[in-house]
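So the chains spell out like this:
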Amino acid sequence: MRRQIAKAMGPVLSHVPVAMWPRIVSRFTGVLTPRAMTPHQTPSGSGGANVRLLFDFLDKAAGIDGDVAECGVWRGRTLIAMGLYLKQAGSPKKLWGFDSFAGFDEAVPHNFKNTSSDVVEGKAAIFGLSNVTIVPGYFRESFKAVENRRFSFVHIDCDVYDSYVECLSFFYPRMAPGGVILFDEYDDPDWPGAKRAVDEFCRSSGASVEFAEKDNFRKSYIRAT
Ligand SMILES: C[S@@+](CC[C@H](N)C(=O)[O-])C[C@H]1O[C@@H](n2cnc3c(N)ncnc32)[C@H](O)[C@@H]1O
C-alpha cells in the first residue's frame, strides 16, 4: 500500500525539493528527509544518519571532482535522499550504493535483513534517479566496479569493524583532495568496531578525525589531502 502511494506520487515528488517534503511523506516513501528528523535532546553519536548533515556535505562536495558513494544502503533511506538532492541540484555526480542486501547474523539485534537490491532500485525508479547505481554484493567484490573512479564524498554506514576497515582502505586512496569520508557510527556505543577501525586507520595513514553536528547528531569524518 505504502509502495503504491509512493509510486503514484513519485513523479510529482521528484520535482519538489526533498528538503521541503512534509514529514509524513518520509513514512510512505521510506526516504529520510530533513523535516522527518527529530533532534536529539543532547549531543549524541548514536541514532542513525542525519540527512541535513549529508546534504551539507553534498553541497561542499559540489566543488570537488569525483563521484559520491554510500557503503551500507539497507532500504535506501539515505541513498535515495542523496540521489534526489543531487538530481534536484542539477549535479552531474554519479551516486553509488554498495550493500550485500543480506544484512547481519540473526544474533545481531537490528540485522538489516528486510531488504533487497530490488527494493532500492524500485525506489530509485519511482523518482527517476538515473544518477544512482546500486552494486549488490559484499564490499570485497562489489568495490571492483569503481576501482578506477575518484570520489568527492563517501558515507560509511556499515556498522561493523571489518566492513569499516574494507571501506577505509578502498576509498581513502581514491578520494580527491578535499574529499570527505563521513562515518555514521564513529561515536555510537552500539557499534564500537567503527571507532576502533577509524582510529587504527588514522594512526597508520596520518588522517585525523573531525566532527560535524546538526540537530544534536554528532558525526565524525576524515578529509583527504
Ligand atoms: C545501518 S545499515 C545502512 C542504513 C542506511 N544507510 C540507512 O540510513 O537507512 C548497514 C548496512 O551495511 C551493510 N553491510 C555491512 N557490511 C557490509 C559488507 N561488508 N558488504 C556489504 N554490505 C555490508 C548491511 O547489509 C546493512 O544493510
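Conventions used here
Residues numbered from 1 in each chain as written. Predicted model: local features only at pLDDT ≥ 70, side-chain atom pairs only at ≥ 80, totals over all residues. Helix = DSSP H or I, 4+ residues; strand = E, 2+ residues; numbered from the N terminus. Rg over C-alpha atoms; globule rule 2.2 N^0.38 Å. Buried ≥ 20, exposed ≤ 12 C-beta atoms within 10 Å, placed from the backbone. Contact = placed C-beta atoms within 7 Å. Near = placed C-beta within 6 Å. Nonpolar A, V, L, I, M, F, W, Y, C, P; charged D, E, K, R; others polar. Pairing = 2+ DSSP bridges. Right-handed = clockwise from strand over helix to strand, strands pointing away. Axes fitted to C-alpha atoms, helices over the stretch in contact; angles between N-to-C directions.

Participant: Just checking my understanding: could you explain the overall build of the chain for this structure?
Facilitator: For the chain, the count of helices and strands is 8 helices and 7 strands. Its C-alpha atoms give the chain a radius of gyration of 16 Å, within 12% of the compact-globule value 17 Å for 225 residues. Each principal axis of the C-alpha atoms in the chain carries an extent, and together these give about 50 × 40 × 35 Å. Expressed as a percentage of the 225 residues in the chain, the buried residues total 40%. The contacts in the chain between residues at least 6 apart in sequence include a share of 71% that link residues at least 24 apart.

Participant: Mind showing me how you'd approach unusual backbone geometry here?
Facilitator: Outside of glycine, negative phi angles account for most residues, and trans bonds account for most peptide bonds. The residue F112 is not glycine, and still its phi comes out positive at about 55 degrees. Examined against the element boundaries, F112 turns out to sit in the loop between strand 2 (95-99) and helix 5 (117-126). For D215, which is not glycine, the phi torsion reads 50 degrees and is therefore positive. Within the secondary structure, D215 sits in the loop between strand 6 (210-214) and strand 7 (217-223). For D215, a count of 16 C-beta atoms within 10 Å corresponds to the partly exposed category.

Participant: Quick question: what am I supposed to make of the site of the ligand here?
Facilitator: Neighbouring residues of the ligand: 21 residues in total, closest G72, R77, S100, C158 and S163. Every element with two or more residues in the shell around the ligand is listed here: helix 4 (77-88) and helix 7 (161-171). Counted by class, the shell around the ligand contains 9 nonpolar, 6 polar and 6 charged residues.

Participant: Is there a simple way to explain the pairing of strand 5 (residues 175-183) in this structure?
Facilitator: Regular strands place side chains that alternate from one sheet face to the opposite one. As paired strands, strand 4 (residues 151-156) and strand 5 are joined by 5 bridges and run parallel to one another. Residue pairing for strand 5: F153 is matched across the bridge by V180. Following the chain from strand 4 across helix 7 to the adjacent parallel strand 5, one finds a crossover that is right-handed. As judged from the 4 bridges shared by strand 5 and strand 7, these two strands associate in the antiparallel manner. Bridge pairing in strand 7 links V180 to R223.

Participant: Help me understand the sheet that holds strand 2 in this model?
Facilitator: Neighbouring strands of a sheet are bound in pairs by backbone hydrogen bonds; such pairs are parallel or else antiparallel. Spatial strand order, 3-2-1-4-5-7-6: 7 strands in an open sheet with mixed pairing. Either end of the sheet is taken by a strand with one partner, and the two such strands are strand 3 (132-136) and strand 6. Strand-to-strand, the axes of this sheet are offset by a mean angle of 20 degrees, without reference to chain direction. Pairing geometry for strand 1 (residues 67-71) and strand 2, over 4 bridges, is parallel. Directly across from V68, in strand 2, lies its bridge partner L95. Its contacts with the sheet place helix 3 (residues 51-61) against strand 1, strand 4, strand 5, strand 6 and strand 7, and it is angled at close to 165 degrees to strand 4.

Participant: Would you explain the environment of P34 in this entry?
Facilitator: For P34, the location among the structural elements is in the loop between helix 2 (23-29) and helix 3. Here the alpha-carbon distance between P34 and F201, two residues 167 residues apart in the chain, equals 31 Å. Discounting residues that sit within four places of it in the chain, P34 has contacts with A19, V51 and R52.

Participant: Would you mind showing me how to read the environment of K214 here?
Facilitator: Counting through the fold element by element, K214 comes out in strand 6. In this structure K214 comes out as partly exposed when scored by C-beta crowding, with 18 C-beta atoms within 10 Å. Remark: the alpha-carbon pair of K214 and P39, spanning 175 residues in sequence, is separated by 8.1 Å. Contact partners of K214, with chain neighbours within four places excluded, come to N50, R52 and L53.

It is worth stressing that arrangement in space is one thing and function is another; only the former is reported here.
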